[in-house]
Structures are given as C-alpha cells and as structure tokens.
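One letter stands for each residue in the lines below.
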Amino acid sequence: MSERHRIAVLGTGIMGAAMARNLARAGHDVTAWNRSRDKAEPLTADGIRITDTPAEAVDGAHAVLTMLHDGPAAADVITRAAPALAPGTRWIQSTTAGIDATTELAALAQRHGLVFYDAPVLGTRAPAEAGQLTVLAAGPADDPVADAVFDAVGAKTVRTGTDGAAGSATRLKLVANSWVLILTHGIGEVLALAQGLGVDPQDFYALIQGGPLDAGYAHAKGALILDGTTAQTSFGLDTAAKDTRLVIEAARAHGVRLDLAEAGAERFRRASAQGHGDEDMAATYFASFDE
C-alpha cells in the first residue's frame, strides 16, 4: 500500500464487517459503527476502533463506506454523521439501495459537499472475507483514496461511469442481482422437486456436471440445502427479499415485466413466514413445502 488512509465503515453486518477487516489488513486506519454495537465489537481484534455514533466514526475520515440494509438506512446514518463530515470526504455507498434511493443519496452527498461514489458490490460472505468482491463503481476516476478502498475490499473493480449520481453502478447491480435470484430460486425448486419425486439430487448434479447447464452457484447454494446448513448465512433471505423488491420496482418504472422476480418475491415471503428470514437465501427451498 502506497499510503495509509483513515476509513470509516458504517454498518458491520456480514458484508460490512468483512470489508472493514480487509481495509484494516491493507494497512488503513479503520473506525466502524453499527446500530448494535455488540455486533461490531469483535472487529477490535483486527485493530478497528468501534464508536458509539456515526459522527464519531467519520470524524477525520478520508472516506466513508456505507454497507447498510437499504437506502433510507444509509440516508439516516449519513445525516447523523453529517456534523463531523468534512467537505470533500469520499462517500463510498455500497448499500444495495435501488435507483431512486441512489439519486436521493447523491443529492444528500451534494448538500454536505461529499464526493459521491455509487459502489455496490457483487459477492457474499466468503468472497467478502477474502477481499475478493467485485466492486461496481461510478464516481470520479483516478482518486487514490477511493481506489485504495476498492483495492482492499475487492479483486476487481468494474467502472460504470464517472458520475455517481447517475446510478449506473446500481443499475448494473440490479441486473446482476436478478440473475443471482433466479439461480437461487431455481436450485431451490429443482432440489425440492427431486425430493418430491424420489430422485437422488446427486444424479441431477452428475447429469449437468461440466455441461452448458452446469453452474457453480447451483452447487454452492444446493450444498446448503442438502447439508441442512441454510442457517449458515452467506446472504440473508430477508435481505434478498428486499433486493427482489428493488429489482421489481426498477423494472416496473421502466415498463418491464418480470414474472420470475414476482414469483421469487412470493417464495421469499413464504419462506420468511415459515421462520427462515435470517437464514441464507437458499432457504427459498422451503417455500416449496407446507411446514
């Protein structure tokens, strides 16, 4: 690393905590805040300072990374942090917030003189912990502070534009998420049907192995289902339901009908009602059965 930066991470759930650790491992001075402080406290073992308020976390920061539940949460937290934010601070907004919320967050950044980056990421727990996320980034190019953050948390940065307010990174993220969600529901239904028909799931995997129908994602999510380990959450089902809503809202606003996304939203609703909301999104499998 050529230069040490002070980075504030607001939101230390599965993704935010992993990103904070990788920023610290890259040699940066990291502070972090989370609504539930006890969930952030383990980060102290990585040399990360935990604060009681967002304003304390961002005081003196060169960049602020937000990884929160949704757009309104990100707006609320940055508003609370605003008194301690210096003009010119980079705001790397990695929450999956949707198109309209990203526009609102960019306007909030402008009001406070912040340099706004629309920067959602692709990946779940394992790639986040390994610093192997794919960062989708829209914002000023060749900024050493922002680039240092992207390099610490991701294996690849995909540049989608130089204006974060345009939301080009968020738009690409929603398209990518629609594919991820389709694959998740697909393997859930396939394994449910195999169980119902008395077919050995391994016969299905052997059938598609190495061919055009194969997909690494089907093996990864299917393993959670078959091993009964959906409680080992890589990406939460209720969070996936939120992302589904954002995909559907964006599609409707642009005159696109997404029948599979609509059906997937209902599967997530049923699985959550059965008590699987905090489990991995692979728990969509359970929506195929009456529990």
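Data block above holds the structure.
What you are looking at is a predicted structure, and each value in this text was computed from that prediction instead of being measured.

## Observations concerning the packing of aromatic side chains
- In this structure the tally under the stated criterion is 5 aromatic pairs.
- Ring centres of Tyr117 and Phe150 lie 5.9 Å apart, and the angle between their planes is 75°; on these two criteria the pair is classed as edge-to-face. Separated by 33 residues along the polypeptide, Tyr117 in strand β6 (residues 115-118) and Phe150 in helix α7 (residues 144-153) bring together distant segments of the chain. An identical accessibility class is assigned to Tyr117 and Phe150; each is buried.
- Ring pairs connect the aromatic residues Tyr285, Phe286 and Phe289, which therefore count as one cluster.

## Describing the layout of surface pockets
- Computed from the structure, the largest pocket encloses a volume of approximately 1,300 Å³.
- In terms of lining residues, the largest pocket is bounded by 48 residues, among which Ile14, Met15, Phe235, Gly236 and Thr239 are the most central.
- Broken down by element, the residue count for the lining of the largest pocket peaks at 6 residues, all from helix α1 (residues 14-25).
- Of the residues in the lining of the largest pocket, the class split is 17 nonpolar, 20 polar and 11 charged.
- As for the second largest pocket, its lining consists of 14 residues, and the residues nearest its centre are Ile99, Asp100, Ala101, Leu246 and Glu249.
- Put simply, the parts of the chain that give the lining of the second largest pocket at least two residues each are α4 (71-81), α5 (99-111) and α11 (237-253).
- Take the lining of the second largest pocket: its biggest share by element is 5 residues, from α11.
- Counted by class, the lining of the second largest pocket contains 7 nonpolar, 3 polar and 4 charged residues.

## Let's talk about α7
- Among the 10 residues that make up α7, 7 are buried, leaving the element largely enclosed by the rest of the structure.
- Those residues of α7 that fall on the buried side of the exposure criterion are Val145, Ala146, Ala148, Val149, Phe150, Ala152 and Val153.
- If you check the start of α7, you find a side-chain oxygen 3.0 Å away from the backbone N of Val145, and it comes from Asp143.

What counts, and where the lines are drawn
- Residues numbered from 1 in each chain as written.
- Predicted model: local features only at pLDDT ≥ 70, side-chain atom pairs only at ≥ 80, totals over all residues.
- Heavy atoms only, no water.
- Phe/Tyr/Trp six-rings, centres within 6.5 Å; stacked < 30°, edge-to-face > 60°.
- Helix = DSSP H or I, 4+ residues; strand = E, 2+ residues; numbered from the N terminus.
- Buried < 20%, exposed > 50% of the residue type's maximum accessible area, 1.4 Å probe, protein only.
- 1 Å grid on protein atoms, 1.4 Å probe; cavity = no way out; pocket = protein on both sides within 12 Å on 5 of 7 lines; lining within 4 Å.
- Points joined across faces, edges and corners; volume = space filled by probe spheres on them.
- Nonpolar A, V, L, I, M, F, W, Y, C, P; charged D, E, K, R; others polar.
- Polar contact = N/O pair within 3.5 Å; in protein donor to acceptor, adjacent residues only side chain to side chain.

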